[in-house]
Structures are given as C-alpha cells and as structure tokens.
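# Report on the structure
Okay, here's what each chain looks like letter by letter:
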Amino acid sequence: LLMCVDCVCMGSFLTLISRRTKSVWPAAIAHGVNNNCSVLLLLIFLNLNADPAAAGTQQDRITSMLVFFIPILVTGVVSYIMLCVDYKKNWIAIL
C-alpha cells in the first residue's frame with residue numbers, strides 16, 4: 001500500500017517538475033536521485049551487510065520507512081495541489 005502512495009506522490013512531483021521546466025530531464029534526474037536515496041536509507045538504517053543476523057531491528061525498519069516516506073508524502077501532496085492550481089488557472093483562461 002505504501003508503495004502505491006509513494007508512486008502517486010513521486011508521480012505528481014515529477015509531473016510538476018516536467019511541466020514547469022518543459023523538459024523531462026530534470027524529472028529523470030530527480031527520479032534517479034529518489035531511487036538512490038532509497039538504497040542509501042536501506043543501507044544506513046537497516047545496517048545491511050553479509051551477516052543476516054546483524055540486520056537492523058524492527059524499530060530501525062520503521063524509522064527508515066518514516067524518514068523516507070513522510071517527506072515524499074508531503075512533497076507529493078504539495079505538488080498535487082500546485083498542479084491543480086495550475087490546471088484551474090489554465091482552464092479558466094480557456095473559458
């Protein structure tokens with residue numbers, strides 16, 4: 001369920017970037033940064049290494065999820081609101 005919410009939030013953010021810059025490249029770079037941040041957070045908070053017994057605790061997993069998910073959720077909601085405002089302005093201009 002969280003992955004679906006994450007995809008919708010990131011999609012609205014990447015759409016906003018593409019529409020504002022009129023190019024797909026800033027959104028492509030932001031997508032790459034998002035993918036790399038998730039891997040880095042897994043390495044930092046879950047303490048992944050070759051020994052499975054040394055993996056992070058349940059609290060580490062929850063912390064890493066919140067550290068990664070909450071900023072994306074806020075960014076997605078703000079981006080969606082900004083897209084709706086832009087759409088409404090353009091729609092009124094057409095009428």
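Please refer to the structure higher up on the page.
Here the structure is a predicted model, which is why all the values come from computation and not from measurement.

### Structural notes on the pattern of salt bridges
A full pass over the atoms with the stated rule returns 1 salt bridge. A salt bridge links Asp86 to Arg20, with the nearest nitrogen and oxygen atoms 2.9 Å apart. Placement of the pair is Asp86 in helix H3 (residues 58-94) and Arg20 in helix H1 (residues 2-21), with a sequence separation of 66 residues. On the basis of relative accessible area, Asp86 is assigned to the partly exposed category, the value being 22%.

### With respect to the state of the cysteines
This model, assessed by the stated rule, comprises 0 disulfides. You can see Cys9 has no disulfide; the closest cysteine sulfur is in Cys7, sitting 9.4 Å from it.

### Looking at H1
Taking 1.5 Å as the rise per residue, H1 with 20 residues should run 28 Å; its terminal C-alpha atoms sit 28 Å apart, in good agreement. Taken as a whole, H1 has its buried residues at Asp6, Cys9, Met10, Ser12, Leu14, Leu16 and Ile17. The first or second residue beyond H1 is Lys22, which carries a positive phi of 55°.

### A closer look at the nonpolar core
As a rule of thumb, nonpolar side chains are buried together in soluble globular proteins. The biggest cluster of nonpolar side chains holds 7 residues, and these are Cys9, Met10, Leu14, Ile17, Ala27, Ala30 and Ile72. At the level of elements, H1 and helix H2 (25-45) are the ones that each hand at least two residues to this core. The element that contributes the greatest number of residues to this core is H1, accounting for 4 residues. Apart from residues no more than four positions distant in its own chain, Leu14 is found in contact with Ala27, Ala30 and His31.

### Here we look at unusual backbone geometry
For Lys22, which is not glycine, the phi dihedral falls at a positive 55°. Considering the arrangement of structural elements, one finds Lys22 in the loop between H1 and H2.

### So, the side chain of Ser79
By the secondary structure assignment, Ser79 is in helix H3. When its relative accessible area of 2% is taken as the criterion, Ser79 is described as buried. Setting aside residues up to four positions removed in sequence, Ser79 forms contacts with Ser12, Phe13 and Leu16.

### Here's the deal with a nonpolar patch on the surface
A contiguous nonpolar patch, built from Leu2, Ile62, Met65, Leu66, Ile70, Val74 and Val78 and spanning about 560 Å² of accessible area, is present on the exposed surface. Within the fold, Val74 resides in helix H3. Using a relative accessible area of 48% as the deciding quantity, one classes Val74 as partly exposed.

What counts and how
- Residues numbered from 1 in each chain as written.
- Predicted model: local features only at pLDDT ≥ 70, side-chain atom pairs only at ≥ 80, totals over all residues.
- Heavy atoms only, no water.
- Salt bridge = Lys/Arg side-chain N within 4 Å of Asp/Glu carboxyl O.
- Helix = DSSP H or I, 4+ residues; strand = E, 2+ residues; numbered from the N terminus.
- Buried < 20%, exposed > 50% of the residue type's maximum accessible area, 1.4 Å probe, protein only.
- Disulfide = S-S within 2.5 Å.
- Expected span 1.5 Å × (residues − 1).
- Core = buried A, V, L, I, M, F, W, Y, C linked by side-chain atoms within 4.5 Å.
- Contact = heavy atoms within 4.5 Å.
- Patch = residues over 30% accessible without salt bridge, like charges linked within 9 Å, V, L, I, M, F, W, Y side chains within 5 Å.
- Areas by Shrake-Rupley, 256 points an atom, 1.4 Å probe, with all protein chains shown as cover.

Taken by themselves, the reported measurements are silent on function.
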